[in-house]
Amino acid sequence: MEKYTRLRAAVHLALLVGPLVGYAANAESTKDMDELAVITVTAQKRVQPINDVGMTIQAATGNALENLGIHGPGSLAKIVPGFTYTNSIYETPVFTLRGIGLYDATFGGLSPVAIYTDQFPRNFPVMSSALDLDIKRVEVMKGPQGTLFGQSATGGAINYITAKPTDHYEAGLDVSDERFNKQAISGFISGPISNTLKARLAVRSIQGGAWQYSISRPNDQNGATRLLEGRLTVDWTPIDRLTVESSFTAVRDTSDAQAPQFVSAKYDIYSTAALAAANANPATRNPYGIVNNTLYALFTTPGSPGYDSTFLANQNLVVTRANDTNPADAALAAGSLALLGTPAEPGNARAAEWTPNLLGPSNNGYFQGTLRADYDLTPSITLTSLSAWAHQKLDYAQDLDATTATSMDVPIWGTVSTFNEEVHLSGASDVWHWIVGANYDNDATRQSNDFIMAENPANLPFPGMAPDTVTYNNFSSSLQTYAGFLNAEYKFRHNWSVSAGARYTKNDQTASYCISDPTSDIGQSTSAIFSVLQDLLTGSTLPPVGPGQCFSLGDGSYGTTFGKATLTSMTHSLNQSNVSYRVGLNYKFDQGTLLYGTVSQGYKAGLFSAIGASSTSQYVPAVQEKVVAYETGFKAPLFHNRMNWDGALFYYDYRDKQVRGDVFDPIYGLLEKMINVPKSRVYGVETEILARPIDPLTVSLSATYLKSEVMSSFSTFDGTAVYNAEGFTGNFKGSTLPFTPKVSGNADAEYDWQIGRSWSPFLGGHVFYQASENTTFSNGTLYAGDFAIPAYATLDLRAGARSQNDRWQVTVYGRNVLNKTYTTSITSYLGDSRFRLTGMPAVYGISLRMKFE
């Protein structure tokens, strides 16, 4: 009863607060000045006014996104409450929508929030380049979208609609200059080539913006953007019944990967007695030790939920190295001392630390070619083919200890290639709209990285053996997807309509794993340690593991011999199928208000993750997850279209949620593994409002309230104890889902007025708020306070002038003008350091937009 009381209170609160429909003030359709424009969307693969679609959609035009400084999905949270974005430890984007998301660092990791360009899939989050280049609008569809969009869209889908070639000649130019010496220039040219052919070319260059600096080397800067991207779109109409559209997108990206900020070190924690004992013995004294009797007891007391049998040995190793006065060990001592360093200056998003010469320009590139053909079989039936091929290259480095130590330095490189084909028939009449079709996707990924970890606290070799230096991780995967789908909407009375759709999907996956020592490795190799371990575990002398051989130890999974190193790559498969569906009922009043209710079911394909494992059971994949969503809502144009008010209530039954969790490894401590959470739920409320109370003023508000919870007992996976990022294990029932803030919202206002008949000045402001969240599981007994992200709010301001014929606009802007330091992610990886990623500090600049016809 308590949960329903809280939900009712949240509904009333949200209906009072209200939010936005889609920044429709800049939409495509024409309206009188005192009315709001109506934006059109293609959420059901046909053009419709947004208020005619019975689902929660937020849409914004390209001009609106540019005015708000929203570039790509990274800043969509500014206008999409309930959406969060962060980067994983390897810079791979992580999208979460209404609590449905997956934090995974794998290049080929499918996101439950699918990304599209003109209905062509960007199959993986790493393939997010040039999404906002020369776009007409973006549409964010919330809730499972598997029926029409597929691609494992259990959380929703984001569709970027690009600007198309025009029937007349036109061109545009945008230039901007902002803080940190960052400049951007973009432009397009569009028009007819012949009576049947027209084209559009758009290009953009962004250079500069190194906003981070090293704490120990202030002149060593990081964070610069070096981006060149372009798109050519060609439309061909050889006959009246056939239209062919092709596009070619290319991106060259040598930008810096963001450096994380050091937050704390696990092995800094002492009890009062332990610190006194360490002070009495300089060889084991940590000069940065922090007394926390409670945490120290939890980490060191057998039977406690946070007990770590490696804690004392690893802590002693770090401080012993830090106090080492042997000149031959000077580098190792300096690295260990760095691991015991102090956090970056509070409130300073710019200060960070990394190993000298590790970070720098990346070597990334992206190409996508698409081909769409529409042939009208009859005046009401169209045959459509959508074909796409894309290739992503990635090559950069990350510092996963956030210090100058060589503790977890990771150069990483690989490729992702995809091919997609969809064929469908669609038709319409006065009362029917229908579509039926089939999909085929073929995806292949390669991901390799070095773990450079000589000074890592987990690098605790056997007595008499030197620390290991470098290990090499190689992962490859393939995914073939076959699907058939249908969807129909029937208007059975003047005000009533019903819609229904279903999709059958079959996913066939394979993955290959190998973690080894590089053949060029010198010094102590990890393979030598595993050679000793396999002899101890099997009780017999086996052929030693050498450089280049896979050294994960068998534990009985996948038919391996217990204790014996794998020596060769392990290839595994996962074949699953599912049926997604959606059923909806709409009622539209003559005045224009729409009431709707939907029930939908969506699936996300199972997942192999690119982890470095010491035992073969860590390679077990997460199986497919399922979401059954119930939603009801309304869309109400009010006061002669001077105001639009939307609202929605939703409940998600979430089964087998995929999580990149932690399991305990006796060699390295906590290591990652893909796991499934048996049962959880998400429910909440959203409201949206967009209004023009007086002609010069446009106001929008938006907010989402979310409640997420693990509903089932969740303490083990495949018989192995599951840990949170803090190192606690036990029953996580009742935990909030990661990256799911309870409240998020935004408010925007713009006032513009006319001066004469040629130009209009304007003033605007935007506020974004996000409540606190956690990046890992925790509840009242299982601690994860070090991984909590505090609530924050940012303020953006803008002012300028535009011509009344939209030929030019000059804008002076400030983003995060109060210079709020806020966190987007906190994590740790195989070691002592906890580190965080922060949002951008205050940025101010000026931009000029021009259009020529």
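Residues numbered from 1 in each chain as written. Predicted model: local features only at pLDDT ≥ 70, side-chain atom pairs only at ≥ 80, totals over all residues. Heavy atoms only, no water.

## Regarding the pairing of strand β11 (residues 170-178)
Phase 1 of the analysis: Pairing of β11 with strand β12 (residues 182-192) involves 9 bridges; the strand directions are antiparallel. Residue pairing across strands places A171 opposite I189, the latter belonging to β12.
Phase 2 of the analysis: Direction of pairing for β11 relative to strand β46 (residues 843-852): antiparallel, over a ladder of 8 bridges. If you follow S176 over to β46, its bridge partner there is S847. (Pairing = 2+ DSSP bridges. Helix = DSSP H or I, 4+ residues; strand = E, 2+ residues; numbered from the N terminus.)

## Let's talk about the confidence of the model for the protein
Phase 1 of the analysis: Averaged over all residues, the pLDDT of the protein is 88; the fraction at 70 or higher stands at 93%.
Phase 2 of the analysis: Scored below 50 in pLDDT, residues 1-33 makes 88 contacts in the model with residues more than four places away or belonging to other chains. (pLDDT = per-residue confidence, 0-100. Contact = heavy atoms within 4.5 Å.)

## Quick look at the layout of surface pockets
Where empty space is left in the structure can be found by rolling a water-sized probe over the atoms.
Phase 1 of the analysis: Of the voids in this model, the second largest pocket is the one considered here, and its volume is about 400 Å³.
Phase 2 of the analysis: If you trace the second largest pocket, you find 20 residues lining it, with D52, E489, K491, S497 and K588 closest to the centre.
Phase 3 of the analysis: Mapped by element, the contributors of at least two residues to the lining of the second largest pocket are β2 (48-49), β26 (470-490), β27 (496-516) and β30 (570-588).
Phase 4 of the analysis: Looking at the lining of the second largest pocket residue by residue, the class counts come to 7 nonpolar, 6 polar and 7 charged. (1 Å grid on protein atoms, 1.4 Å probe; cavity = no way out; pocket = protein on both sides within 12 Å on 5 of 7 lines; lining within 4 Å. Points joined across faces, edges and corners; volume = space filled by probe spheres on them. Nonpolar A, V, L, I, M, F, W, Y, C, P; charged D, E, K, R; others polar.)

## Side note on a nonpolar patch on the surface
Phase 1 of the analysis: Judged by side-chain polarity, V431, W432, W434, V436, L486, Y490, F492, W496 and L585 come together as a nonpolar surface patch covering roughly 760 Å² of accessible area.
Phase 2 of the analysis: Considering each element in turn, the nonpolar patch owes the most residues, 3 residues, to strand β25 (residues 432-452).
Phase 3 of the analysis: On the accessibility criterion, L486 (48% relative accessible area) is partly exposed. (Patch = residues over 30% accessible without salt bridge, like charges linked within 9 Å, V, L, I, M, F, W, Y side chains within 5 Å. Areas by Shrake-Rupley, 256 points an atom, 1.4 Å probe, with all protein chains shown as cover. Salt bridge = Lys/Arg side-chain N within 4 Å of Asp/Glu carboxyl O. Buried < 20%, exposed > 50% of the residue type's maximum accessible area, 1.4 Å probe, protein only.)

## Considering the sheet that holds strand β10 (residues 156-162)
Phase 1 of the analysis: Pairing is mixed in the open sheet, where 5 strands are placed in the order β3-β9-β10-β7-β8. Sheet topology places β3 (57-61) and β8 (120-122) at the edges, where each strand pairs with a single neighbour. Each neighbouring strand pair of the sheet contributes to a mean axis angle of 20°, computed without reference to strand direction.
Phase 2 of the analysis: Looking at chain direction, strand β7 (residues 113-117) and β10 are connected through 5 bridges and run parallel. Looking at β10, one finds that I115 is bridged to I158. (Axes fitted to C-alpha atoms, helices over the stretch in contact; angles between N-to-C directions.)

## Here's the deal with the pattern of salt bridges
Phase 1 of the analysis: Under the counting rule described, the total for this entry stands at 34 salt bridges.
Phase 2 of the analysis: Here D104 makes a salt bridge to R660, at a shortest N to O gap of 2.6 Å. With D104 in the loop between β6 (100-101) and β7 and R660 in strand β33 (residues 643-665), the pair connects residues that are 556 residues apart, well separated along the chain.
Phase 3 of the analysis: For R660, a relative accessible area of 11% gives the class buried.
Phase 4 of the analysis: In this structure, R204 engages E229 in a salt bridge whose closest nitrogen and oxygen atoms are separated by 2.3 Å. Of the two residues, R204 sits in strand β13 (residues 197-208) while E229 sits in strand β16 (residues 225-239), which places them 25 residues apart along the sequence. Accessibility classification places R204 together with E229 in one group, the buried group.
Phase 5 of the analysis: One network of salt bridges, with partners in common, ties together D748, E750, D752, R798 and R802.

## What to know about unusual backbone geometry
Phase 1 of the analysis: The backbone of F180 sits at a positive phi, close to 65°, despite the residue not being glycine.
Phase 2 of the analysis: You can see F180 is positioned in the loop between β11 and β12.
Phase 3 of the analysis: Among the residues examined, F180 registers a relative accessible area of 15% and is labelled buried.
Phase 4 of the analysis: Phi at D806 is positive, roughly 60°, even though this residue is not glycine.
Phase 5 of the analysis: With respect to the helices and strands, the residue D806 is situated in the loop between β42 (792-803) and β43 (808-815).
Phase 6 of the analysis: A relative accessible area of 56% means that D806 is categorised as exposed.

## Concerning the side chain of R204
Phase 1 of the analysis: You can call R204 buried: its relative accessible area is 12%.
Phase 2 of the analysis: Only 2.8 Å separates the side chain of R204 from the side chain of D132, close enough to count as a polar contact.
Phase 3 of the analysis: Here E229 takes part through its side chain, which lies 2.3 Å from a polar atom of the side chain of R204.
Phase 4 of the analysis: If we skip the residues at most four places from it in the chain, R204 touches D132, L133, I185, S186, L227, L228 and E229. (Polar contact = N/O pair within 3.5 Å; in protein donor to acceptor, adjacent residues only side chain to side chain.)

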